[in-house]
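Working through the structure, step by step
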Amino acid sequence: MRSQSPHRAIGTLLFASLLAMACTEKAPEHSQLSKPPPPATQMASNTQIHQSRLSTRARIAYSDLTELAQEAVPAEHTDTGKQKICKKVLGLKLCGNARWNYTVLREGDIQISGNNDFIAINLPMRFFGDAGIGGDVAKVLNINAMKFDGAMQAQVLLKLDLQENWCPTITSDVSYQWTSAPKLEWAAGIDINLEDRLDKAIKKQLANLQAKATEAIDCEQVRQSIQAQWTQHSIPLDLPGNETMYLNIEPEGFSFSGIRTEADKLGLAFSLDAKTSVQNQALPKEALTLPALARSEYQPGHTTFNILVRAGYDQLQSIAAEQIQGKTFSESSPAGDVSVTIDMLQLSGNPDGVTVELGFRARLPGKKLETPGNVYLTATPVLDAFSQTVKLTDISLSNVLDSKLWTALAKVFEGQIIEQIQDNAVFALGPKLSQVASMLETQLADPARTGGLQIDSPKVEVVLQSLIPEQENLAALLKVETQLDVDVPIKTLYQSSRK
């Protein structure tokens, strides 16, 4: 039998020894590379109070005014009557029973528009009828049945203002133009132009229009409508990650802009200077004494308040996990190749920022089996106001517990894993802020929430101001800016005389 060479025998022995060592290598124990930071104890709070001006422009559509005017001025008016009179006609004294029968028609719809801060009311009118005097002489003179007609385009300009006690006053200007000259048709074949006589009669009738228009306005109802604004308001807001909060408005000053005419609406701006804040309790409803009238500019108000919204770390966590979880990162070292596979990523809050916990398996030089472990990193959540994004920066190791293992793995973590999280774990807040803005617009326009205030299409802008790490949530302090336009129902400003 052929004997084995000495070199071959030595190689076989070494191989057997290594195989035995591999079979007897103990599974590495789980290693905790660093100490976990203490959990966050702070809870974000919103105590900021802003000085705001709710210059709420109460705007009244001309279409509403038109509806009101058409109720007040019927489309057709007729009258019939008799009266005993004595009248000189052509030098003769005639006595008898005068009678008349006429109809006044509104031709087409009343047109209402704005004209240099006046309300312009255009009324197309036409009238016709007959009149006469009973008796034999009147019959002879053919004045027992005379027909008349005419048509005009009348325009009434009304300007509203408020006195110091908040009662409305009205300035009026009336003009008209005959579109068909008024005439009286005498049966004898003579047409008598009545324009001069009717001009005097109409002007006499219109002389007291201003007083009548002022009387038509119920001062007390107007005061009550304004008084309703001069009070503390609390509007409930439902925000993501929060219980119901209240937009509290504490009035400090109240003023009036005067009347302004816009393309399709009549505008009144009541400027309510107030403190605005969002709290977890509503303000008590207290009656306040309406101050004397002050003046302000007619412009939309600028209302500012802050809100807190909370989002679980899971959204940012899932973005970070996409970059590293389930992936293996390798580096070369003088002792050999080192690799780390990330199995788990967990985010939570600590007193100074965010804790990043990683579960991993490390393959080390000279080791056949992987070393399991976990490591705690600290990070600072940073807001990029321009791009409306949040990312984790300044990621570093917390207090080291296993310095030997960290020395072996530091290059992999610092050179690749941490860099991947910092560069790619970016949470876009823009869509979330748009969602919050849309939510606030819907809630502010809901009369059931606003106590009956008709806020017309509020436009809300939401800006992220700061981030507050809590233990289970990342709280965001948002600044909300909006303009609030309140529509006042026109019929509340008028007496129900139709009472």
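Residues numbered from 1 in each chain as written. Predicted model: local features only at pLDDT ≥ 70, side-chain atom pairs only at ≥ 80, totals over all residues. Heavy atoms only, no water.

1. Things to note about the packing of aromatic side chains
The way to describe two aromatic rings as a pair is by their centre distance and the angle between their planes. Which entries qualify depends on this criterion: Each pair of aromatic rings taken from Phe, Tyr and Trp, with Trp reduced to its six-membered ring, is defined by centres within 6.5 Å and is described as stacked if the planes are under 30 degrees apart, edge-to-face if over 60, and tilted in the remaining cases.
Applying the stated criterion across every chain yields a total of five aromatic pairs. Aromatic pair Trp-406 and Phe-413: ring centres 5.6 Å apart, planes at 35°, arrangement tilted. An aromatic cluster of at least three residues, connected via ring pairs, comprises Phe-127, Phe-148, Tyr-176 and Trp-178.

2. Some details on the sheet that holds strand S13 (residues 303-312)
As a reminder, the rule being used: Strands pair, by our definition, only if DSSP identifies at least two bridges between them. Only DSSP runs of H or I with at least four residues qualify as helices, and only runs of E with at least two residues qualify as strands; both kinds are numbered from the N terminus onward. Comment: axis = line fitted to C-alpha atoms, over the contacting stretch for helices; angle = value between 0 and 180 degrees taken between N-to-C directions. Here, two residues are considered to be in contact whenever any of their heavy atoms come within 4.5 Å of each other.
One open sheet accounts for three strands, arranged S13-S21-S20; its pairing is antiparallel. Looking along the sheet, the strands with just one partner apiece sit at the ends: S13 and strand S20 (459-469). Neighbour-to-neighbour, the strand axes of the sheet open up by a mean angle of 25°, direction not taken into account. This element, helix H9 (residues 430-444), spans S13, S20 and strand S21 (473-483) of the sheet and lies at about 125° to S20.

3. Some details on H9
For an α-helix, the turn length of 3.6 residues means that residues three or four places apart are oriented alike. The cut-off we apply is this: Expected span, for any helix, means 1.5 Å times one less than how many residues it has. Each residue is assigned to one of three classes by its accessible area relative to the maximum for its type, calculated with a 1.4 Å probe on protein chains only: buried under 20%, partly exposed between the two thresholds, exposed over 50%. Think of it as the arc spanned by the lines of direction from the helix axis to the C-beta atoms.
Between the first and last C-alpha of H9 there are 21 Å, a value that for 15 residues agrees with the 21 Å anticipated at 1.5 Å per step. Restricting attention to buried positions, one finds in H9 the residues Leu-433, Val-436, Ala-437, Leu-440, Gln-443 and Leu-444. Relative to the axis of H9, the buried residues are bounded by an arc of 130° and lie together on one face. Every exposed residue of H9 that faces more than 90 degrees away from the buried side is listed here: Pro-431 and Thr-442. Here the buried face of H9 lies against strand S10 (233-237), strand S11 (245-261), S13, helix H10 (447-450), S20 and S21.

4. Some details on the nonpolar core
What counts here: What is meant by a nonpolar core is a set of buried Ala, Val, Leu, Ile, Met, Phe, Trp, Tyr and Cys residues, joined one to another through side-chain atoms within 4.5 Å.
Ranked by internal contacts, the top residues of the largest apolar core, which has 100 residues, are Ile-307, Leu-358, Phe-360, Leu-409, Phe-413 and Ile-417. If one sorts the elements of this core by residue count, helix H8 (residues 403-424) sits on top with nine residues. Sequence-distant contacts of Phe-413, defined by excluding residues within four places in its chain, comprise Leu-33, Val-340, Ile-342, Leu-358, Phe-360, Val-375, Trp-406 and Ile-418. Formed by five residues, the second largest nonpolar core is a distinct cluster that contains Ala-44, Leu-308, Ile-468 and Leu-477.

5. Side note on the pattern of salt bridges
The condition that has to hold: A side-chain nitrogen of Lys or Arg and a carboxyl oxygen of Asp or Glu constitute a salt bridge if their distance falls within 4 Å.
Evaluated as defined, the whole model comprises eight salt bridges. Notably, a salt bridge pairs Arg-363 with Glu-370, separated by 3.4 Å at the nearest N-O pair. Under the relative-accessibility criterion, Arg-363 is labelled partly exposed at 36%. Take Glu-370: its relative accessible area is 26%, and that puts it in the partly exposed class. Bridged by salt links that share partners, the residues Asp-343, Arg-361, Arg-363 and Glu-370 form one connected network.

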